Amino acid sequence: QVQLLESGGGLAQPGGSLTLSCVASGGTIGTYGMGWFRQAPGKERAFVAATNWSGDKTEYADSVKGRFTISRDNTKNIMYLQMDSLKPEDTALYFCAKSSTPFFIEIGTTASDYDVWGPGTQVTASS
């Protein structure tokens, strides 16, 4: 029933910043862990970042640690990905996703941990 829609993608210069948003409708995401994944041309869908249901725990892929920040506002049913110091290697289609289990004790880092996905938003970091 819940649907996810990403926004905020676009073109940025290397070293620049973008903020992605994931808006949920048709249901609440406040009891579920949430994650961001990305897929670049010719590559498999890869984990980027995730947060637990309350937003007080986060995990990041090594490739984005120190540059990306995941957050959520459960009162607004929105999740964010702040991307700083962008690199050309960050160019990909970015997806937000909802975890399958509410109030789960762990943070999922694989696609199989999630059961609802947005259609994706394109991020391009190029000079």
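Analysis parameters
- Residues numbered from 1 in each chain as written.
- Predicted model: local features only at pLDDT ≥ 70, side-chain atom pairs only at ≥ 80, totals over all residues.
- Heavy atoms only, no water.
- Phe/Tyr/Trp six-rings, centres within 6.5 Å; stacked < 30°, edge-to-face > 60°.
- Helix = DSSP H or I, 4+ residues; strand = E, 2+ residues; numbered from the N terminus.
- Buried < 20%, exposed > 50% of the residue type's maximum accessible area, 1.4 Å probe, protein only.
- Lys NZ or Arg CZ within 6 Å of the ring centre and 35° of its normal.
- Pairing = 2+ DSSP bridges.
- Axes fitted to C-alpha atoms, helices over the stretch in contact; angles between N-to-C directions.
- Core = buried A, V, L, I, M, F, W, Y, C linked by side-chain atoms within 4.5 Å.
- Contact = heavy atoms within 4.5 Å.

Caption draft 1: Inspection of the packing of aromatic side chains at higher detail. Within the structure shown, the criterion is met by six aromatic pairs. Ring centres 5.7 Å apart and planes at 75° place the aromatic pair Phe 37 and Phe 47 in the edge-to-face group. Of the two residues, Phe 37 is situated in strand 4 (residues 32–39) and Phe 47 in strand 5 (residues 46–51); the sequence distance between them amounts to ten residues. By the burial criterion, Phe 37 is buried, and Phe 47 matches it. The interplanar angle of 75° and the centroid separation of 5.3 Å between the aromatic rings of Phe 37 and Tyr 114 together place this pair among those described as edge-to-face. Of this pair, Phe 37 sits in strand 4 while Tyr 114 sits in strand 10 (residues 114–117); the two residues are 77 residues apart in sequence, bridging distant segments of the chain. Judged on exposure class, the residue Phe 37 and its partner Tyr 114 are both buried. Through a chain of ring-to-ring contacts, the aromatic side chains of Phe 37, Phe 47, Phe 95, Tyr 114 and Trp 117 assemble into a single cluster. Cation over ring: Arg 45 sits above Phe 95, and NZ or CZ is 3.8 Å from the ring centre. Note that Arg 45 overlies the ring of Trp 117, its terminal NZ or CZ placed 5.0 Å from the centroid.

Caption draft 2: Structural context of the pairing of strand 8 (residues 78–83). Pairing between strand 3 (residues 18–25) and strand 8: six bridges, direction antiparallel. When the sheet's bridge partners are listed, Cys 22 is paired in strand 8 with Met 79.

Caption draft 3: Layout of the sheet that holds strand 7 (residues 68–73). With antiparallel pairing, four strands are arranged side by side in an open sheet as 1-3-8-7. Of all the strands in the sheet, the pair left with one neighbour each is strand 1 (3–7) and strand 7. The sheet shows a mean angle of 15° between the axes of neighbouring strands, taken without regard to direction. The pairing of strand 1 with strand 3 spans five bridges and is classified as antiparallel. Residue pairing across strands places Glu 6 opposite Cys 22, the latter belonging to strand 3.

Caption draft 4: Representation of the nonpolar core. Among the nonpolar cores identified, the biggest contains 33 residues, and Leu 4, Trp 36, Val 48, Phe 68, Leu 81, Met 83 and Tyr 94 are the most heavily contacted of them. Going through the elements one at a time, strand 3, strand 4, strand 5, strand 7, strand 8, strand 9 (92–102), strand 10 and strand 11 (121–125) are the ones with two or more residues in this core. Here Leu 4 is in contact with Cys 22, Val 23, Ala 24, Ile 29, Met 34, Cys 96, Ala 97, Lys 98, Val 116, Trp 117, Gly 118 and Pro 119, once residues within four sequence places are set aside.

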